[in-house]
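Summary of the model geometry
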Amino acid sequence: PETGCLSIIVLGASGDLAKKKTFPALFNLYRQGFLPAEEVHIFGYARTKISDDELRNRIRGFLVDNKAASSKHSDDVLKFLELIKYVSGSYDTEDGFQKLDKEISEHEISKHSHEGSSRRLFYLALPPSVYPSVCKMIRKCCMNKSDLGGWTRIVVEKPFGRDLESAEKLSAQIGELFDEPQIYRIDHYLGKELVQNLLVLRFANRFFLPLWNRDNIDNVQIVFREDFGTDGRGGYFDEYGIIRDIIQNHLLQVFCLVAMEKPISLKPEHIRDEKVKVLQSVLPIKDEEVVLGQYEGYRDDSTVPDNSNTPTFATMVLRIHNERWEGVPFILKAGKALNSRKAEIRVQFKDVPGDIFKCKKQGRNEFVIRLQPSEAMYMKLTVKQPGLEMSTVQSELDLSYRQRYQGVVIPEAYERLILDTIRGDQQHFVRRDELKAAWEIFTPILHRIDDGEFKPIPYQPGSRGPVEADELLGKSGYVQTHGY
Ligand code: BG6
């Protein structure tokens, strides 16, 4: 690994994302020794005029999630907070960024007693509307200037635009200032343990290789549910809706890893090439294969317009035009204010031909990968009912991570991804052409929703969503199994 001075600059330091995700992830990396104090300095940058200590006080409470942990780690918390300095300034004028550059350079000089390169990581925990001006300022005032090598990288969060056109515009603006290897487009689902496991599962197991195709698989569901509504984020959410917030990014990334062909190696570019190919093979979404919903009470939020048409729920079918998947529906489903919080992939296999056991009555073979909560994988299969009679029953082969990997701490998605940005590994980040292909799939339907042509169906908070979505599942071939 590279050594030398590392400056991590969190822009938008007093915002929600920075407090809840970025700083806690940095703290966890620090605690595990990945951010050694003799090399690392962290800068917060935002418009609010506050002191270093005020910023530290604002984030302190978010660093550890419970009281017991906070007393155990209080020493670490203090040492970590000491690494953080705050600089205030605007997002579109040079003076603030010059001040920031001065601070970073001073820190680099002070730590250059041992020779090394200078590494500058800018984390934009900011709304995308300011990305172009912030990138311009970084480019102008804050690039790594060390003769000893190093780099400047930027991390950007979704939403990357609202549709194909705006995303392309944003990509072009940033692309003029930074090269692709310097840009890390984060999608935190790519940092989840079981999402990272998908490649291994599919390509390192003989079990799955011959079965993973249209001859054996009837349908695939990729599901995200939350049992809470937009909770104080109504204003943000209403501008985007569930398709832009969850499906176009998080679920589509999972879709890529489930459906793509085997990459020729684990090199990030090889993996991302395959993701782009499968995205480009997706056929236009059909109107009759989309159900939108909006939970009752969503418009009660004062920041949401009374006549909002924004979907808080969507189920839609993606179809892939290639040899492996022709005819297999990939059902993407996401919703807020539903009956449970869960994210999972359900791969349902076709019925057994020439069945002599009447297996169909028991339910189909199904392979379920639960991304959260309680990571698990299980296979629903038919076995003989234990006992004297020759009858069958559906049972499960179950790999529950909590039981199998007791004591292993599964890292937070943001932790891994930030570490990847420091190490320069872009495997789990979205490449520009991948982003474009993703927007190409959803832009037509998004425009029609924005134009009011497609209206969401109301559903009860705490329910499964509109019944029409379950009907679409049935029409797509999904056979409901007991308890689901
Ligand atoms: C975010 C969305 O990207 O992901 C939120 O903006 C959503 O609306 C969140 O709640 C879900 O993330 P996780 O990791 O809790 O599933």
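Our subject is the structure listed above.
Residues numbered from 1 in each chain as written. Predicted model: local features only at pLDDT ≥ 70, side-chain atom pairs only at ≥ 80, totals over all residues. Heavy atoms only, no water.

1. Remarks on the overall build of the chain
What the chain contains, in helices and strands, is 14 helices and 15 strands. Here the C-alpha radius of gyration of the chain, 24 Å, is about what a compact globule of 484 residues would show, namely 23 Å. Dimensions of the chain along its principal axes, counting C-alpha atoms only, are 75 × 50 × 45 Å. Relative to its 484 residues, the chain shows a buried fraction of 55%. Restricting to contacts in the chain with at least 6 residues of sequence separation, those with at least 24 account for 77%. A total of about 22100 Å² of accessible surface is found on the chain, and carbon and sulfur atoms cover 51% of it. (Helix = DSSP H or I, 4+ residues; strand = E, 2+ residues; numbered from the N terminus. Rg over C-alpha atoms; globule rule 2.2 N^0.38 Å. Buried < 20%, exposed > 50% of the residue type's maximum accessible area, 1.4 Å probe, protein only. Contact = heavy atoms within 4.5 Å. Areas by Shrake-Rupley, 256 points an atom, 1.4 Å probe, with all protein chains shown as cover.)

2. Focus: the sheet that holds strand E9 (residues 313-318)
Pairing is mixed in the open sheet, where nine strands are placed in the order E14-E13-E12-E11-E7-E10-E9-E8-E15. If you trace the sheet from one side to the other, it starts and ends with strand E14 (392-400) and strand E15 (457-459), each paired once. In this sheet, neighbouring strand axes are inclined to one another by 20° on average, regardless of whether the strands run parallel or antiparallel. In this fold helix H9 (residues 234-259) packs onto strand E7 (217-225), strand E8 (290-295), E9, strand E10 (330-335), strand E11 (342-349) and strand E12 (366-372), with an angle of close to 145° to the strand it touches most, E10. (Pairing = 2+ DSSP bridges. Axes fitted to C-alpha atoms, helices over the stretch in contact; angles between N-to-C directions.)

3. A short note on the side chain of Asp-245
Structurally, the position occupied by Asp-245 is in helix H9. Within the structure, the side chain of Asp-245 is placed 3.3 Å from the side chain of Lys-158, a separation counted as a polar contact. Not counting the four nearest positions on each side in its chain, Asp-245 is found in contact with Lys-158, Arg-233, Tyr-236, Phe-237, His-250 and Lys-336. (Polar contact = N/O pair within 3.5 Å; in protein donor to acceptor, adjacent residues only side chain to side chain.)

4. Regarding the site of the ligand
Inspection of the region around the ligand gives 13 residues, with Tyr-189, Lys-192, Glu-226, Asp-245 and Gln-372 positioned closest. One nitrogen or oxygen atom from the side chain of His-188 is found 2.8 Å from an oxygen atom belonging to the ligand. For the ligand, an oxygen atom lies 2.7 Å from a polar atom in the side chain of Lys-336. About the coverage of the ligand: the protein hides 82% of its 400 Å² of free accessible area. By residue class, the composition of the shell around the ligand is three nonpolar, three polar and seven charged. (Near = heavy atom within 4 Å. Nonpolar A, V, L, I, M, F, W, Y, C, P; charged D, E, K, R; others polar.)

5. A look at the pattern of salt bridges
For the structure shown, the criterion picks out 34 salt bridges. The residue Arg-162 makes a salt bridge to Asp-450 at a minimum N-O spacing of 3.6 Å. Placement of the pair is Arg-162 in the loop between strand E5 (150-157) and helix H7 (164-177) and Asp-450 in helix H13 (residues 432-450), with a sequence separation of 288 residues. Residue class for Arg-162 comes out partly exposed when judged on its relative accessible area of 29%. One salt bridge in this structure joins Arg-364 and Asp-218, with 3.4 Å as the shortest N-O distance. Here Arg-364 is found in the loop between E11 and E12, whereas its partner Asp-218 is found in strand E7, with 146 residues between them in sequence. (Salt bridge = Lys/Arg side-chain N within 4 Å of Asp/Glu carboxyl O.)

6. What to know about helix H1 (residues 16-31)
Taking 1.5 Å of rise per residue, 16 residues should cover 22 Å, and H1 covers 22 Å from first to last C-alpha, within 8% of that figure. Thr-22 marks where H1 bends most, by close to 30°; the proline Pro-24 follows one to four residues later. Taken together, the buried positions of H1 are Ala-18, Lys-19, Thr-22, Phe-23, Pro-24, Ala-25, Leu-26, Phe-27, Asn-28, Leu-29 and Tyr-30. Of the residues flanking the end of H1, it is Gly-33, one or two places downstream, whose phi is positive at about 85°. (Expected span 1.5 Å × (residues − 1). Bend = angle between axes of the 7 residues up to and from the residue.)

7. Points about the pairing of E11
With seven of eight residues buried, E11 lies mostly within the body of the structure. Where E11 meets E12, six bridges bridge the pair, whose relative direction is antiparallel. From the neighbouring strand, Glu-344 faces E12, where its bridge partner is Arg-370.

8. As for the side chain of Ser-118
Mapping Ser-118 onto the fold places it in strand E4 (residues 117-124). According to the relative accessible area criterion, Ser-118 is buried, its value standing at 0%. A polar side-chain atom of Ser-118 sits 2.9 Å from a polar atom in the side chain of Asn-144. The residues contacting Ser-118, other than those within four sequence positions of it, are Cys-5, Glu-108, Asn-144, Ser-146, Gly-149, Gly-150 and Trp-151.

9. Let's talk about the pairing of strand E13 (residues 376-384)
Across five bridges, the pairing between E12 and E13 is antiparallel. Paired with Phe-367 across the strands is Met-379, a residue of E13. Between the antiparallel neighbours E12 and E13 lie three residues, among them Ser-374 with a positive phi of about 45°. Alignment of E13 against E14, held across nine bridges, turns out to be antiparallel. Bridge pairing in E14 links Met-379 to Leu-397.

10. Quick notes on the nonpolar core
If you look at the biggest cluster of nonpolar residues, it comprises 147 residues, and the most contacted ones within it are Phe-23, Leu-124, Ile-138 and Phe-255. Contact partners of Phe-23, with chain neighbours within four places excluded, come to Val-10, Ala-13, Ala-18, Ile-42, Leu-55, Ile-59, Leu-63, Phe-80 and Ile-84. (Core = buried A, V, L, I, M, F, W, Y, C linked by side-chain atoms within 4.5 Å.)

11. Some remarks on the packing of aromatic side chains
Tallied over the entire structure, the rule returns 17 aromatic pairs. Chaining the aromatic ring pairs together yields one cluster made of Phe-237, Tyr-295, Tyr-298, Phe-313 and Tyr-459. One Lys or Arg, Arg-153, reaches over the ring of Trp-151 and ends 3.8 Å from the middle of that ring. The ring of Tyr-189 has Lys-192 lying over it, and the distance from NZ or CZ to the ring centre is 4.5 Å. (Phe/Tyr/Trp six-rings, centres within 6.5 Å; stacked < 30°, edge-to-face > 60°. Lys NZ or Arg CZ within 6 Å of the ring centre and 35° of its normal.)

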